[in-house]
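Structural description and commentary
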Amino acid sequence: MATSLFRTPISSPSTSISTSQSHHRSSIFLHFPQRFRLSFTSHAQQRFPNFAISCSAQSDSSASRRRPPYIPNHIPDPNYVRIFDTTLRDGEQSPGASMTSKEKLDIARQLAKLGVDIIEAGFPAASNEDFEAVKMIAKEVGNAVDADGYVPVICGLSRCNEKDIRTAWEAVKYAKRPRIHTFIATSAIHMEFKLRKTKEQVVEIARNMVKFARSLGCEDVEFSPEDAGRSDREFLYEILGEVIKAGATTLNIPDTVGINMPTQFGKLIADIKANTPGIENVIISTHCQNDLGLSTANTIQGAHAGARQLEVTINGIGERAGNASLEEVVMALKCGEHVFGGLYTGINAKHIYVTSRMVEEYSGLQLQPHKALVGANAFAHESGIHQDGMLKHKGTYEIISPEDIGLERTNEAGIVLGKLSGRHALRRRLEELGYELKEDQVDSLFWRFKSVAEQKKRVTDADLRALVSDEVFQAEPIWKLDDLQVTCGTLGLSTATVKLCGLDGTTHVACSVGTGPVDSAYKAIDLIVKEPITLLEYSMNAVTEGIDAIATTRVVIVGDKSRTSTHALTGETVHRTFSGSGAGMDVVVSSVKAYIAAINKMLGFKDTSAPTSASAEKVSISA
């Protein structure tokens, strides 16, 4: 059984100021004690009663409220908003974001720590690998009840056909709270050109499939009218009313192509709430795509209009431009609690940052520096005016404290890690950063740390995160790098000799030439692995400034045609892509580790064809 790698960092009450350098410029980060922040806020609110000083000031009332008991079609507290996370389903549809079953299980465990109400664990009919991953999450995460009685709902997506629905139920039924999420398109353009069905036929299919899902023993069934944002309103009221009568407990309203404006989407939710027969017996949900950058705004507007379930992903990853970002939606509701009439969620915001980092590492999808809340620049203050304001009080330019989302920017304990540091100091700093590692993982990481420390005067937090990613956030090692030697330059062809260790402990050596050291090393690896591989993407970044920086490399590969799955959006068979990351002070070593990591992911994926479904039901959704 895999062990979770994270725990919540403990915030220090001390005040601190730290600086970081990037491209010869300084950025300043400040942390003020909670008691000072609260006293200042109280004083300011007395002088400016209608002015919100910070999100922290708005969180006190919601923090004292407990998550209401879970009832599939009813929420006892009308202000509570359920968070439905689809990182493992819609998020994984991002190109190159395929994750192993172990990685999905780790993320599901972390989502449970975060406190999400529903985890959409995948699309079980996509492939046997996806089915097994959902089943494993249902058994392990779906039965881990905490002291307060919280356990996440485990959901599986299915198209509106019996085969998909039965497969989804067989995967999620082991959870304490299982859910089937089924969908069919309802917009005129989808029904005419994709489904080639009439409105009456679509209503009949939706009604029968919701009934079928309930007949299997599933008491929690979610229905989505795909492309609801472009669907005829009267038709929506009709089909939603029919699936309510058939037994649906949640109605999800997706803006599938991300075309709706916030006021438009809010009115859609309000109209459905006002005109759908039986709507008082179900939960209204939102699922907003980010094609126009409006997914978070649309989601918040939907909640304001009456939706009480919001579908999101960590870091906003997903098909095309992605989905509404969990961290943005949750913190916006928290900051706007006074605007939205007291809406609140059960999310433990202290786990946001470490969850974001885990998804970034496992998916291989790197965040842009200016990403709200979790980007590298989210709490950086570089201009002189901003720094002056921050020095006087952080509320001048920072509405959210980094500690609110579990981000520790400074080493509060005063520990500076270097070549003389021991295991205890390393473990302590890793715990402060939010990582919870097993003893053998710390031992393995320690020797990597010592190797880096011998070449650098100081090992930074960014270095540690890169090392953890390289040592811990990796697929099961089918192949492992033993030795690497390259020769390159202007005097002749680049050559590489690579020594790999196989799963059975045997060593394999190969030599190849190429256009450069990385190309020749990859060709040597291909000679050993003997798998048809195409390199789709290659990128490299330095985690810190300076000539001695650790380099992190990310690659995306595709193998032969046997590694396929059914795409939830199109119903078509697609070839899986696999990403891998590596870190090292030597850029060639970093590149080779990333390539091997991607190969290990690919080889660990079961060679199975996606289950086939009725051709008439090749439907799509982003919900």
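As the structure is a prediction and not an experimental result, all values here were calculated from the model. (Residues numbered from 1 in each chain as written. Predicted model: local features only at pLDDT ≥ 70, side-chain atom pairs only at ≥ 80, totals over all residues. Heavy atoms only, no water.)

Some words on the environment of M191
Residue position: M191 is located in helix α7 (residues 188–195). Placed 10 residues apart in sequence, M191 and Q201 show a C-alpha to C-alpha distance of 9.8 Å. Setting aside its immediate chain neighbours within four residues, M191 contacts A185, T186, R196, K197, K199, V202 and F235. (Helix = DSSP H or I, 4+ residues; strand = E, 2+ residues; numbered from the N terminus. Contact = heavy atoms within 4.5 Å.)

Observations regarding α7
The set of residues buried in α7 consists of H190, M191 and L195. One side of α7 carries all its buried residues, which in axial view fall inside an arc of 95°. Across from the buried face of α7, at angles greater than 90 degrees, the exposed residues are A188 and F193. Tucked inside the fold, the buried residues of α7 contact β6 (178–185), α8 (199–215), β7 (221–226) and α9 (233–246). Following α7 by one or two positions, R196 has its phi on the positive side, about 55°. (Buried < 20%, exposed > 50% of the residue type's maximum accessible area, 1.4 Å probe, protein only. Arc of directions from axis to C-beta.)

Here's the deal with the nonpolar core
Within the largest apolar cluster, 94 residues are counted, with the highest numbers of intra-cluster contacts made by V116, F223 and L251. Ranked by size, the runner-up nonpolar core spans 24 residues in total, among them A496, Y522, Y595 and F605. (Core = buried A, V, L, I, M, F, W, Y, C linked by side-chain atoms within 4.5 Å.)

A closer look at empty space enclosed by the protein
Scanning the entire structure with this criterion turns up three cavities of 30 Å³ or more. Each pocket or cavity is described by its volume, and for the second largest cavity that value is around 50 Å³. Lining the second largest cavity, in full, are S98, M99, T100, E129, R576, F578, K601, G604 and F605. (1 Å grid on protein atoms, 1.4 Å probe; cavity = no way out; pocket = protein on both sides within 12 Å on 5 of 7 lines; lining within 4 Å. Points joined across faces, edges and corners; volume = space filled by probe spheres on them.)

Some points on the sheet that holds strand β14 (residues 534–542)
Spatial ordering of the open sheet is given by β14-β15-β18, a layout of three strands whose pairing is antiparallel. Looking at which strands have only one partner, the edges of the open sheet turn out to be β14 and β18 (577–584). Between one strand and the next, the sheet's axes are offset by a mean angle of 15°, whatever the strand orientation. Across the sheet, helix α19 (residues 587–604) is in contact with β14, β15 (551–558) and β18; its angle to β18 comes to roughly 150°. (Pairing = 2+ DSSP bridges. Axes fitted to C-alpha atoms, helices over the stretch in contact; angles between N-to-C directions.)

Structural notes on unusual backbone geometry
Even without a glycine there, the phi angle at R320 is positive, about 55°. Mapped onto the fold, R320 is located in the loop between β10 (309–312) and α12 (326–335). Judged by relative accessible area, which is 44%, R320 ranks as partly exposed. Phi is positive for K530, close to 60°, though the residue is something other than glycine. Checked against the element boundaries, K530 lands in the loop between α18 (517–529) and β14.

So, the packing of helix α5 (residues 128–140) against helix α6 (residues 162–172)
At a minimum axis separation of 7 Å, α5 and α6 run at an interaxial angle of 40°. Looking at the two axes, α5 sits oblique to α6. Each of F131, V134, K135 and A138 in α5 lies in contact with α6, whose residues at this interface are T167, E170, A171 and V172. Of the residues belonging to the contact of α5 with α6, the class tally is five nonpolar, one polar and two charged. (Parallel < 35°, antiparallel > 145°, perpendicular 65-115°, else oblique. Nonpolar A, V, L, I, M, F, W, Y, C, P; charged D, E, K, R; others polar.)

Observations concerning the sheet that holds strand β12 (residues 494–501)
The three strands lie next to each other as β11-β12-β13, forming an open sheet whose pairing is antiparallel. In this open sheet, the two edge strands, each paired with only one partner strand, are β11 (480–487) and β13 (507–514). Going across the sheet, the axis of each strand differs from the next one's by a mean of 15°, ignoring polarity. Summarising the sheet, β12 and β13 pair through eight bridges and their orientation is antiparallel.

Let's talk about a nonpolar patch on the surface
Judged by side-chain polarity, L535, Y538, M540 and V587 come together as a nonpolar surface patch covering roughly 310 Å² of accessible area. Top element by residues in the nonpolar patch is β14. It accounts for three residues. Considering the arrangement of structural elements, one finds V587 in helix α19. (Patch = residues over 30% accessible without salt bridge, like charges linked within 9 Å, V, L, I, M, F, W, Y side chains within 5 Å. Areas by Shrake-Rupley, 256 points an atom, 1.4 Å probe, with all protein chains shown as cover. Salt bridge = Lys/Arg side-chain N within 4 Å of Asp/Glu carboxyl O.)

Re helix α17 (residues 461–471)
For α17, the buried fraction is high: eight of the 11 residues fall into the buried class. Residues of α17 that are buried include every one of D463, L464, R465, A466, L467, V468, S469 and D470, and no others. Structurally, α17 contributes buried residues whose contacts are with α13 (352–363), α15 (423–432), α16 (439–453), β15, β18 and α19.

Some points on the environment of I533
Following the sequence through the fold, I533 ends up in the loop between α18 and β14. We classify I533 as buried; its relative accessible area is 17%. The spatial distance from the C-alpha of I533 to the C-alpha of M602 is 9.6 Å, given a sequence separation of 69 residues.

What about the environment of T495?
Counting through the fold element by element, T495 comes out in strand β12. The class of T495 is partly exposed, set by a relative accessible area of 25%. Sequence separation of T495 and P517 is 22 residues, and the distance between their C-alpha atoms is 6.5 Å. If we ignore the near neighbours within four places in the chain, the residues touching T495 are Q485, V486, T487, S512, V513 and S520.

Regarding the packing of aromatic side chains
Overall, the coordinates contain four aromatic pairs when judged by the stated rule. Between the aromatic rings of Y80 and Y344, the centroid separation amounts to 5.3 Å while the plane-to-plane angle is 70°, which identifies the pairing as edge-to-face. You can see Y80 sitting in the loop between α3 (60–63) and β3 (82–85) and its partner Y344 sitting in the loop between α12 and α13, a full 264 residues away along the chain. The residues Y80 and Y344 share a single accessibility class, namely buried. When the ring of Y522 is compared with that of Y595, the centres are 3.9 Å apart and the planes differ by 10°; the resulting orientation is stacked. Taken together, the positions of Y522 in helix α18 and Y595 in helix α19 put the pair 73 residues apart, joining distant regions of the chain. For Y522, a relative accessible area of 6% translates into the label buried. Of the residues examined, Y595 reaches a relative accessible area of 3% and is grouped as buried. Ring pairing ties together the aromatic residues F446, W447 and F449, which thus form one cluster. Cation over ring: K139 sits above Y174, and NZ or CZ is 4.7 Å from the ring centre. (Phe/Tyr/Trp six-rings, centres within 6.5 Å; stacked < 30°, edge-to-face > 60°. Lys NZ or Arg CZ within 6 Å of the ring centre and 35° of its normal.)

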